[in-house]
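Spelled out, the chains give:
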Amino acid sequence: KQPQSRRNRQDTWTTVSILTSLTAPTLATMGKGKGQKVMDFDLATAMTKKENRKLTKMECMVNYHLARVPFWNGKESVAMANAEKTREMIASLKTKVKNRWEEQNGIY
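All values derive from a computational prediction rather than experimental measurement.

Conventions we followed
Residues numbered from 1 in each chain as written. Predicted model: local features only at pLDDT ≥ 70, side-chain atom pairs only at ≥ 80, totals over all residues. Heavy atoms only, no water. Helix = DSSP H or I, 4+ residues; strand = E, 2+ residues; numbered from the N terminus. Buried < 20%, exposed > 50% of the residue type's maximum accessible area, 1.4 Å probe, protein only. Contact = heavy atoms within 4.5 Å. Core = buried A, V, L, I, M, F, W, Y, C linked by side-chain atoms within 4.5 Å. Expected span 1.5 Å × (residues − 1).

*Asks:* Tell me about the overall build of the protein, residues and numbers included.
*Replies:* Along its length, the protein carries 4 helices and 0 strands. Looking at the protein as a whole, 18% of its 108 residues qualify as buried. Within the protein, contacts between residues separated by at least 24 positions form 60% of all contacts whose residues are at least 6 apart in sequence.

Structural data, given as structure tokens:
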């Protein structure tokens, strides 16, 4: 059997740990947001069916053009120019979708 003083000390520490766990701040109450959910941009859900179809086709076309780039002087080739043009179109489509999502959700 444990001495009386040791048992009281364990009970005290258990009580203290329970109280601190109940009153300790959690991630939901800490920081600048104070538990508010921040809206995240998800490209796949923000796009329409038509935009999604266009995007997948353009991504495939980048690979199509890159496969036709010659080994010598490939950077100046027509195929590389077409691939870069398609990449720019992809980037513009993504920014268009993001801007529309920000307008719909009131984020400026």
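*Asks:* Outline the side chain of His65, supporting the account with residue identities and numerical values.
*Replies:* You can see His65 is positioned in helix α3 (residues 49-67). Excluding anything up to four places from it in sequence, His65 contacts Ala79, Asn82, Ala83 and Thr86.

*Asks:* Tell me about the environment of Pro70, residues and numbers included.
*Replies:* By secondary structure assignment, the location of Pro70 is in the loop between α3 and α4 (78-104). Judged by relative accessible area, Pro70 falls into the partly exposed class, the value being 40%. In sequence terms Pro70 and Met80 are 10 residues apart; their C-alpha atoms lie 9.0 Å from each other.

*Asks:* Tell me about the nonpolar core, and please be specific about residues and values.
*Replies:* Core analysis: the biggest nonpolar cluster contains 9 residues, these being Ala46, Met47, Leu55, Met58, Val62, Ile90, Leu93, Val97 and Trp101. Contributions of two or more residues to this core are made by α3 and α4. The leading source of residues in this core is α4, at 4 residues.

*Asks:* Before we move on, could you go through α4 and cite the residues and values that matter?
*Replies:* Between its first and last C-alpha, α4 extends 39 Å over 27 residues, near the 39 Å set by a 1.5 Å rise per residue. By the burial criterion, the buried members of α4 are Ala79, Met80, Ala83, Thr86, Ile90, Leu93, Val97, Trp101 and Glu102. Looking at the buried residues of α4, the elements they touch are α2 (43-46) and α3. A positive phi of about 75 degrees marks Gly106, the residue just after α4.

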